[in-house]
Structure formats: structure tokens, C-alpha cells
Amino acid sequence: MPEARSRKLGAVVMAAGLGKRLKSKTQKVLHPIAGRPVLWHVLQAVRAGRPSRIVIVVHHGAAEVEEAVRSWGIEPEPMFVDQGKPLGTAHAVTAAEEATRGMHDLLVTTGDEPLLTAEQIRGLLAMHRRRDVAAVVQTTVPEDARGFARVVRDSRGEFVRLAEGSDASRKELAIAEVATSVYAFRREDLFRALPLVGNDNRQKEYYLPDVLGILHEKGERIGVQLVDNGGSVGANSRAEMARAASVLRRRINDRHMAAGVTFVDPERSYVDVDVRIGRDAVIQPLTFLEGETSIGAEAVIGPSTRIVDSRVGDGSTVQFAVVRESRVGKGASLGPYVSLRPGTVIEDGAKAGTFVEIKASRVGKGSKVPHLSYVGDTTIGSKTNIGAGTVTVNYDGWEKYPTVIGDEVLIGSDTMLVAPVEIGDRAMTGAGSTITRDVPAGALGIERAEQRNIDGYRDRKETARKRKGSGASARSGQAKRRRKA
């Protein structure tokens, strides 16, 4: 047996399928699970085997798949082989024969196995090399085995063959253990057996699992790696993807909890695979952490909060909030019912409170936008307070204009700041003002029409309405009499 270090490993990932059961414009392997496409998860696991070459077999949506894969920066850079008209999994691997020349072992999987992990790949390859078997097949026990290849064993528990779900006998259909479409092969044995695979089945396709039975009949040993995938296998339908996503989220949350993060209700917390969370952070129920989000240590997030591609600093609190492409400093407070739109920066110790929307703006250290306000295209200095109902009027129907508010400013409630406008340091605005000109530092900006009180207005108004009503009734009666006449 060649030494493990000298045995070159190639990886073949089958990603040519149309995914008819998904009924989607998006290619099956590009459907997102936990923030990344299914194929991305597969390739991350495959890389753990340190293959010298990765070959991805494509056909349907080949251009979209290639573009996506290249954007992920996978190393080594994958090669792409077009399968042509897909005639089954054995046909897909045959298409990769030339591209895998020079490899001793081949890791083969489909592009729709998102629960495949680096640990599983390393264990599969270790079994293959340590036992020097012709092949190793990965298996699992799903909640629903319908449609999957059953693992047929002999009386000693040794592998005999795989029975495809649609062609298995009634006895074979009673078997709970199924294959996950993840294999390790000696390349030479694989390509000797592939031409012997027939298509005498309901689908008239060439099945890769048949290779294992052929090798077994030739006296070769087949290893089996049984893994726990939480009762899920594959991602060929919306239901399978939902089950896989549930298992993957559980794994992600378990990993964060092991690193010192508290999840009040892990089953109702949704965290994408690229999210980072600091130690002693608390994640409340119905929290969605998406994309490349980072949560600082001792932060409290949720409940009912969605944070996308954003950074939240240590010790900050975010509740009943939507935060997108924004940055929140240390010890800040957001919510409840706050929306941070892209380009927003909330600095250390600042606050955005109840029913506040902020877009493309900076709120300085210790400043507060407590409630019922809209802040857009605005820079706010430090220790400034924005009164309830304040609106930065930044759009004239054609262009967006900036507002600048200095340090230690007091903006009165219900102030309209009509941009472009600048409020100087320590300035104030009177409640109910519409500010259209700059307010100098330390000054009070106030704009109000003079108030007039009209004595007896209510009584006169109601008397006039009564007179009008009685006159209308009289005219209506006269009209009715004329119609009867």
C-alpha cells in the first residue's frame, strides 16, 4: 500500500442536477442554507481532506455555478467538467475521468449534501487509507428513508450493496440505513467498475452506488462510515432543505454555546454559518443573525431582532430591531422597534430608541435619538439629544442632502431639519420648529408662527352648524312635497 502522504487525493463533486423537485429558477446547489449556498458547505467540507485537485461536474446552470464557485476563493481552485446530458451519478463521475488522472484516491460526493462536515471527511479518508479498502461509503439513518439507497449488509454486518430507493425490494425498503452520496474510492478500482454499471432500472440511469456492489462481487472490501446527521439527508426538495437547515442551525448554535455564548432558546434562534459571537453574549429567542455579522462579548441581542452583515460592539443591547449593514459601538442601546438601514454608525454608548429609523448616518458617542424620529444622511456629534418626533428632511424629490448636528446639541421635539443644514455645538432648537437655515454654536433656532387665541370660537362654530343643519332639513322637506304633488 502506498504511504498515505504519497497518495494523491482528488475530489469529484457532482453538481449537474436540475433539481426538478425544488421548482425553482435557482440552481439546486446554489440554494442558500444558513447564509451560504448548499454547494459552498459541501466544498468547505471537501477541502478538509486536502485534495490535490477538485473537479466539479456541471451541466444545468453551469455558468451560474462556475461564477458562484469562483467568487468563493476555494483552494485549490476547482476545475469544471460539463457532463452533457445527465444520465445518472455514475455517468457524472465518468465525465471526470480525464480530469482526475494522476490521482490515487478519489473523494466523491454530490453538491447537495450540506450536512457534510470536515470531521466526517477526515474520518472517511482515514478509514479508507487505514483499512486499504477499495471504497468507503458514508451512511446515516434519516427520519424518512423514502427515495434513498438502502444499505444491504450480510449476516456479519459487512457491506454487500446499495439498493436504490425506487428499485429496492419490499424487504430492502424496510432497512433504515441509507447512503448519503459521499464516497472514497481507489481511483483505479472505480474506473474499472464504472463501465460495468448498467441502466436497467426505472429511471434508465447509471447509478454510482452500483459500483459498490460490483466491487464487492469481485472480492473487494467496502468500508462503511455511519454518521449522525440529525435524521436528515440530502437537499433535493424544499422539505429536505428545511430539515437540513434545522440540523445545520443546531450545529452552529451548539458550537457557539460551547464557546461561551448563551442561547435562551436555541431552537428559536437563527444564526448563519459566518456569524461570530463573543463570549458571554446572550441571544434571546426569535433572533436572526445573518451574513457576516459580528456580535461582541457580553452583548444582549433580541428578542425579535434581525441583524444582517453588521457589527455590534461589546456590551451593547439590541432588542426588537432590524439592523442592516451597520456598525454599533460598545455599550450602545438599540430598540425597541428601531431600524438601522445600510451605512449607519452608532458610536460607543449611543442610543437609538423606540420607533426610530436611521439611514446612512453617524450617531456620536453618548448621543441619543430616543424615540419617534427619522435620521437620514446625518452626522450627529457626541452627547447630543434628539427630541421625539424629529425628522431630518433630506430628500427634495431629486437629491439627498446632508444634515450636520454638533456636540452637546439639544434638538426640541417635533423639529423638522430641512437639509442641507448645520446645527452648531451646544446649540438648541425650539420644539415644533422647521429649521431651514444653519443654527450657530450655542444659539437657539426657533421658527413658529405667532399664536392667536379666538375667544368663543367653539360656541359660534357649533351654532352656525346647527343653523345650517336646520335650513337643510327645511329645504329637503319642501323638495319632498313638490315631488308628491
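Residues numbered from 1 in each chain as written. Predicted model: local features only at pLDDT ≥ 70, side-chain atom pairs only at ≥ 80, totals over all residues. Heavy atoms only, no water.

1. Brief notes about the overall build of the protein
Line of reasoning, step 1. Broken down by element type, the protein carries nine helices and 39 strands.
Line of reasoning, step 2. Computed over its C-alpha atoms, the radius of gyration of the protein comes to 33 Å, more than 25% above the 23 Å expected for a compact globule of 485 residues.
Line of reasoning, step 3. Judged by the C-alpha coordinates and their principal axes, the protein covers about 110 × 80 × 40 Å.
Line of reasoning, step 4. Counting all 485 residues of the protein, 48% fall into the buried class.
Line of reasoning, step 5. When contacts within the protein are restricted to residue pairs at least 6 apart in sequence, those whose partners lie at least 24 apart make up 43%.
Line of reasoning, step 6. Element-wise, carbon and sulfur atoms account for 48% of the exposed surface of the protein, whose accessible area totals about 24,400 Å².
Line of reasoning, step 7. Each charge class in the protein can be summarised by its mean position, and for the 72 positive and 60 negative side chains these summaries are 8 Å apart. (Helix = DSSP H or I, 4+ residues; strand = E, 2+ residues; numbered from the N terminus. Rg over C-alpha atoms; globule rule 2.2 N^0.38 Å. Buried < 20%, exposed > 50% of the residue type's maximum accessible area, 1.4 Å probe, protein only. Contact = heavy atoms within 4.5 Å. Areas by Shrake-Rupley, 256 points an atom, 1.4 Å probe, with all protein chains shown as cover. Lys, Arg positive; Asp, Glu negative; His and termini not counted. Charge placed at Lys NZ, Arg CZ, Asp CG, Glu CD.)

2. As for a nonpolar patch on the surface
Line of reasoning, step 1. A cluster of nonpolar side chains, namely Leu-410, Met-428, Leu-444 and Ile-446, defines an oily patch on the protein surface of about 380 Å² accessible area.
Line of reasoning, step 2. Along the polypeptide, Met-428 turns up in strand 37 (residues 428-429). (Patch = residues over 30% accessible without salt bridge, like charges linked within 9 Å, V, L, I, M, F, W, Y side chains within 5 Å. Salt bridge = Lys/Arg side-chain N within 4 Å of Asp/Glu carboxyl O.)

3. Brief notes about the nonpolar core
Line of reasoning, step 1. Ile-277 and Ile-423 are the most contacted members of the largest nonpolar core, which totals 85 residues.
Line of reasoning, step 2. Sorting elements by how many residues they give to this core places helix 1 (residues 38-47) first, with seven residues. (Core = buried A, V, L, I, M, F, W, Y, C linked by side-chain atoms within 4.5 Å.)

4. Considering the environment of Gly-445
Line of reasoning, step 1. Of note, Gly-445 is situated in strand 39 (residues 444-445).
Line of reasoning, step 2. Under the relative-accessibility criterion, Gly-445 is labelled buried at 8%.
Line of reasoning, step 3. Residues Gly-445 and Gln-203, 242 residues apart in the sequence, show an inter-C-alpha distance of 79 Å.
Line of reasoning, step 4. In this view, Gly-445 contacts Met-428, Thr-429, Gly-430, Ser-433, Ile-435 and Val-439; residues no more than four positions away in its chain are not counted.

5. Examining the pattern of salt bridges
Line of reasoning, step 1. Applying the stated rule across the entire model yields 25 salt bridges.
Line of reasoning, step 2. In this structure, Asp-274 and Arg-36 form a salt bridge, with 2.6 Å as the shortest nitrogen-oxygen distance. Remark: Arg-36 occurs in strand 3 (residues 36-37) and Asp-274 occurs in the loop between strand 13 (269-271) and strand 14 (276-277); sequence separation between them is 238 residues.
Line of reasoning, step 3. When its relative accessible area of 26% is taken as the criterion, Asp-274 is described as partly exposed.
Line of reasoning, step 4. Each of Arg-7, Asp-105, Arg-129, Asp-132, Arg-186, Asp-189 and Glu-220 takes part in salt bridges that share partners, so that together they form one network.

6. Details of the packing of aromatic side chains
We describe a pair of aromatic rings using the distance from one ring centre to the other and the angle between the two ring planes.
Line of reasoning, step 1. Counted under the stated rule, the structure contains four aromatic pairs.
Line of reasoning, step 2. Ring geometry for Tyr-337 and Phe-355: centres 5.2 Å apart, planes at 15°, overall stacked. Here the residue Tyr-337 occupies a position in the loop between strand 24 (333-334) and strand 25 (338-340), and Phe-355 occupies one in strand 27 (residues 351-359), the gap between them amounting to 18 residues.
Line of reasoning, step 3. Its relative accessible area of 44% is what places Tyr-337 among the partly exposed residues.
Line of reasoning, step 4. Through pairs of rings, three or more aromatic residues link up here, namely Phe-320, Tyr-337 and Phe-355.
Line of reasoning, step 5. The side chain of Lys-400 reaches across the aromatic face of Tyr-395, ending 5.3 Å from its centre. (Phe/Tyr/Trp six-rings, centres within 6.5 Å; stacked < 30°, edge-to-face > 60°. Lys NZ or Arg CZ within 6 Å of the ring centre and 35° of its normal.)

7. Comments concerning helix 7 (residues 209-217)
Residues lying three or four places apart along an α-helix face the same way, a consequence of the helix completing one turn every 3.6 residues.
Line of reasoning, step 1. Among all positions in helix 7, only Pro-209, Val-211, Leu-212, Gly-213, Ile-214 and Leu-215 are buried.
Line of reasoning, step 2. Residue Gly-219 follows helix 7 closely and has a positive phi angle near 90°.

8. A few points about a negative patch on the surface
Line of reasoning, step 1. Among the surface-exposed residues, Asp-407, Glu-408, Glu-422, Asp-425 and Asp-438 lie close enough to one another that they form a single negatively charged patch.
Line of reasoning, step 2. Mapped onto the fold, Glu-422 is located in strand 36 (residues 421-423).
Line of reasoning, step 3. In this structure Glu-422 comes out as partly exposed when scored by relative accessible area, which is 41%.

9. Notes on the pairing of strand 4 (residues 53-58)
Line of reasoning, step 1. Counted residue by residue, strand 4 has five buried out of six residues, so it is predominantly covered.
Line of reasoning, step 2. Tracing the backbone out of strand 4, into helix 2 (residues 62-71) and back to the parallel element strand 5 (residues 79-82) gives a crossover that is right-handed. (Right-handed = clockwise from strand over helix to strand, strands pointing away.)

10. Section: the sheet that holds strand 20 (residues 311-312)
Each strand in a sheet pairs with its neighbour through backbone hydrogen bonds, running either in the same direction (parallel) or in the opposite one (antiparallel).
Line of reasoning, step 1. As summarised here, the arrangement of the nine strands in space is 14-17-20-23-26-28-30-33-36, forming an open sheet in which the pairing is parallel. If you trace the sheet from one side to the other, it starts and ends with strand 14 and strand 36, each paired once.
Line of reasoning, step 2. Across two bridges, strand 20 lies against strand 23 (residues 327-328) in parallel orientation. Among the inter-strand pairings, Val-312 is bridged to a residue of strand 23, identified as Val-328. (Pairing = 2+ DSSP bridges.)

11. Looking at helix 8 (residues 238-258)
Line of reasoning, step 1. The first and last C-alpha atoms of helix 8 sit 30 Å apart over 21 residues, in line with the 30 Å expected at 1.5 Å per residue.
Line of reasoning, step 2. When we look at burial in helix 8, the residues that qualify are Glu-240, Met-241, Ala-244, Ala-245, Val-247, Leu-248, Ile-252, Asn-253 and His-256.
Line of reasoning, step 3. Phi turns positive, to about 105°, at Gly-260, one or two residues after helix 8. (Expected span 1.5 Å × (residues − 1).)

12. Topic: unusual backbone geometry
Line of reasoning, step 1. A cis amide bond, omega 5°, links Gly-302 with the succeeding residue Pro-303.
Line of reasoning, step 2. One can find Pro-303 in the loop between strand 18 (300-301) and strand 19 (305-308).
Line of reasoning, step 3. Residue Ala-419 is joined to Pro-420 through a cis peptide bond whose omega torsion reads 0°.
Line of reasoning, step 4. Structurally, Pro-420 can be placed in the loop between strand 35 (416-418) and strand 36.
Line of reasoning, step 5. A positive phi angle, close to 50°, is found at Asp-132, a residue other than glycine.
Line of reasoning, step 6. One non-glycine residue, Leu-286, adopts positive backbone phi at about 60°.
Line of reasoning, step 7. Mapped onto the fold, Leu-286 is located in the loop between strand 15 (282-283) and strand 16 (287-290).

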